[in-house]
Amino acid sequence: TDSDCREDCQAGTCFSGACEGFPDQYAMDGKCGIQHNGLLCGGKWGTCCDITGKCGTGESFCGTGKCQNGNCSVSPDGSCGGTSKFVCKGSTLGDCCSSAGFCGSTTGHCQAGCQTSFGTCTKTGLSPDGTCGGANKYQCKGSGYGDCCSPSVYCGSTTGHCNAGCQAEFGTCTSTNISPDGTCGGTKGYLCKVSTFGDCCGQSGYCGSTTGHCTAGCQTAFGTCTSTDLSPDGTYGGTKKYKCQGSSYGDCCSPSGYCGKSLDHCGAGCQSGFGTCSTVVTSSKAPIPTGVSTDGTCGGTKGLKCQGSTFGNCCSVTGICGSTVNHCAQGCQKSFSSACLTTNIYSLDGACGASKGFTCVGGPFNTQCCSSGGLCGTTDDHCKTGWYVVFIPTFLAFVDHFAARKTMEHVSKLATMATCHIGDVVGSIVRFYVAYCHRFCITSGVGLDSRCIKPAKLTI
């Protein structure tokens with residue numbers, strides 16, 4: 001066998017052929033040293049020649065003061081390497097020198113961190129401290145810390161170690177492309193299944209477990225999907241064959257291409273191929289007048305109006321019926337609405353002032369100041385003490401009446417009557433110099449802005 005061949009070829013055993021070392025230099029009978037022509041020890045006789053001229057192993061042959069040649073540095077106390085340079089091979093404690101400098105025969109001695117210069121090692125690449133890869137290129141498999149090498153170069157056995165980002169070169173990996181950050185698909189091709197963020201990859205490229213992730217637009221290539229044809233936007237059919245049934249917009253598909261649950265969606269013209277339809281629908285409600293929106297859309301080529309619809313009386317700039325600020329303020333289409341704001345119209349895009357006709361108060365920019373340039377904001381350029389233009393129709397009517405007199409008494413009375421906000425609408429109608437205050441503020445209907453203080457003196 002191979003093991004027999006290796007033993008037969010060892011020094012001290014082999015006397016011809018492919019022997020280890022030179023046969024004439026090694027004792028063939030276990031007798032060595034100066035007593036026997038300086039022969040060395042090897043093979044089955046041991047590696048140390050003691051002071052009596054006999055071959056052997058262990059401290060009695062190899063220890064300090066007892067060995068005359070051969071492997072005379074065998075550890076006498078179990079320590080190895082370091083300054084003493086003791087070796088473990090031949091030691092009664094074990095042939096392996098651990099990373100901590102002790103002889104032994106356990107995996108802790110013979111594998112990770114084992115010092116090959118001072119003993120026998122079986123595997124030196126195993127991680128001795130739980131780290132992996134990097135400059136040391138430590139391996140995790142069999143290390144005792146876990147078989148997987150994580151992206152942060154630590155051994156372990158959790159999904160964080162074994163899945164996305166796991167370094168297969170330094171350990172075992174179950175999957176290397178599971179999403180580590182909640183993203184999916186795209187150029188990296190991360191998968192959501194068994195990730196900590198959810199098994200479904202939504203159409204926006206994020207993992208999750210909601211209907212928004214798992215239904216319409218769900219990417220089956222990168223996660224689990226429950227239904228990919230459910231309408232995500234209220235439309236149906238088309239190239240993606242979206243369906244209404246089960247969507248949040250309603251189960252019925254109207255002739256105009258929208259999901260819903262009204263009579264116009266579920267009755268005549270309802271598309272049964274993409275949703276649920278009612279063959280007979282009765283309603284105690286009065287019929288909806290012609291031209292009134294039945295699906296929430298307005299204006300455009302259809303010219304549908306919001307007034308009298310169930311969605312709200314304002315037609316937004318994007319052509320959607322509703323009753324919120326976004327529908328009834330800036331951009332509200334008066335031709336298709338009955339409730340558009342006509343005064344103190346809230347700005348939706350930050351534009352303000354008399355020339356633009358919009359105010360910062362009441363909308364998404366509430367409590368912000370209108371700068372001289374006609375933009376809502378909160379910086380010093382918008383709100384700083386100094387000259388402000390105020391646009392309060394009632395107040396201006398009084399000012400025009402008394403302007404010719406320029407009587408401070410009357411202006412002071414007007415100041416107590418007026419409710420002004422800093423630059424709600426910028427114009428060039430009238431200017432006030434604020435001598436002892438920072439801002440004019442509306443106190444009626446809106447509530448006093450905590451950043452404002454009441455003027456102490458006004459001059460024209």
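Check the entry above for the structure.
Residues numbered from 1 in each chain as written. Predicted model: local features only at pLDDT ≥ 70, side-chain atom pairs only at ≥ 80, totals over all residues. Heavy atoms only, no water.

Remarks on the overall build of the protein chain
On a plain count of helices and strands, the protein chain comes out with 10 helices and 20 strands. Residue burial in the protein chain is summarised as follows: out of 460 residues, 41% are buried. Put simply, 26% of the contacts in the protein chain that link residues at least 6 apart link residues at least 24 apart. Roughly 24,900 Å² of accessible area belongs to the protein chain as shown, and the carbon and sulfur atoms make up 53% of that amount. (Helix = DSSP H or I, 4+ residues; strand = E, 2+ residues; numbered from the N terminus. Buried < 20%, exposed > 50% of the residue type's maximum accessible area, 1.4 Å probe, protein only. Contact = heavy atoms within 4.5 Å. Areas by Shrake-Rupley, 256 points an atom, 1.4 Å probe, with all protein chains shown as cover.)

Brief notes about the state of the cysteines
Throughout the structure, instances matching the rule amount to 24 disulfides. Disulfide pairing is shown between C80 and C97; the S-S distance is 2.0 Å. For the disulfide bridge between C80 and C97, the dihedral angle about the S-S bond is near 90°, and by the sign convention the bridge is right-handed. You can see C80 sitting in the loop between β3 (67-70) and β4 (96-97) and its partner C97 sitting in strand β4, a full 17 residues away along the chain. Comparing C80 with C97, the two get one shared label, buried. Each sulfur of the disulfide joining C166 and C173 lies 1.9 Å from the other. Taking the torsion about the S-S bond as the criterion, the C166 to C173 disulfide, at about -80°, is left-handed. (Disulfide = S-S within 2.5 Å.)

Considerations on the environment of I51
Turning to its location among the elements, I51 is positioned in the loop between β1 (48-50) and β2 (55-56). When its relative accessible area of 52% is taken as the criterion, I51 is described as exposed. Non-local contacts of I51, meaning those with residues more than four positions away in its chain, are made with Q35, G65, K66, C67 and Q68.

A closer look at the side chain of S98
You can see S98 is positioned in the loop between β4 and β5 (103-104). In this view, S98 contacts C80, G108, H109, G113 and Q115; residues no more than four positions away in its chain are not counted.

Focus on the sheet that holds β2
Taken in spatial order, the three strands of this open sheet run β2-β1-β3, and their pairing is antiparallel. On the outer flanks of this sheet lie β2 and β3, each paired with one strand and no other. Strand direction decides the pairing type here: β1 and β3, joined by three bridges, are antiparallel. Bridge pairing in β3 places C49 opposite N69. (Pairing = 2+ DSSP bridges.)

Thoughts on the side chain of D295
Along the polypeptide, D295 turns up in the loop between α6 (263-266) and β12 (314-315). One polar contact links D295 to S256, side chain to side chain, over a distance of 3.3 Å. Among all residues touching D295, those that are not within four sequence positions of it are S256, Y258, H265, K302, L304 and F311. (Polar contact = N/O pair within 3.5 Å; in protein donor to acceptor, adjacent residues only side chain to side chain.)

Overview of the environment of Q167
Following the sequence through the fold, Q167 ends up in the loop between α4 (159-162) and β8 (200-201). Separated by 27 residues in the primary sequence, Q167 and C140 have C-alpha atoms spaced 10.0 Å apart. Excluding residues that lie within four positions of it along the chain, Q167 makes contacts with C149, S150, P151, V153 and C173.

Quick notes on the nonpolar core
One finds C48, C62, C67, V74, C80, V87, C88, C97, C103 and F118 forming the largest nonpolar core, which totals 10 residues. Discounting residues that sit within four places of it in the chain, V87 has contacts with N71, S73, V74, S75, C103, S117 and F118. (Core = buried A, V, L, I, M, F, W, Y, C linked by side-chain atoms within 4.5 Å.)

Structural notes on unusual backbone geometry
The phi dihedral of K137 is positive, around 55°, even though this residue is not glycine. One can find K137 in the loop between α3 (107-110) and β6 (148-149).

Interpretation note: all reported values are geometric properties and have no functional meaning in isolation.
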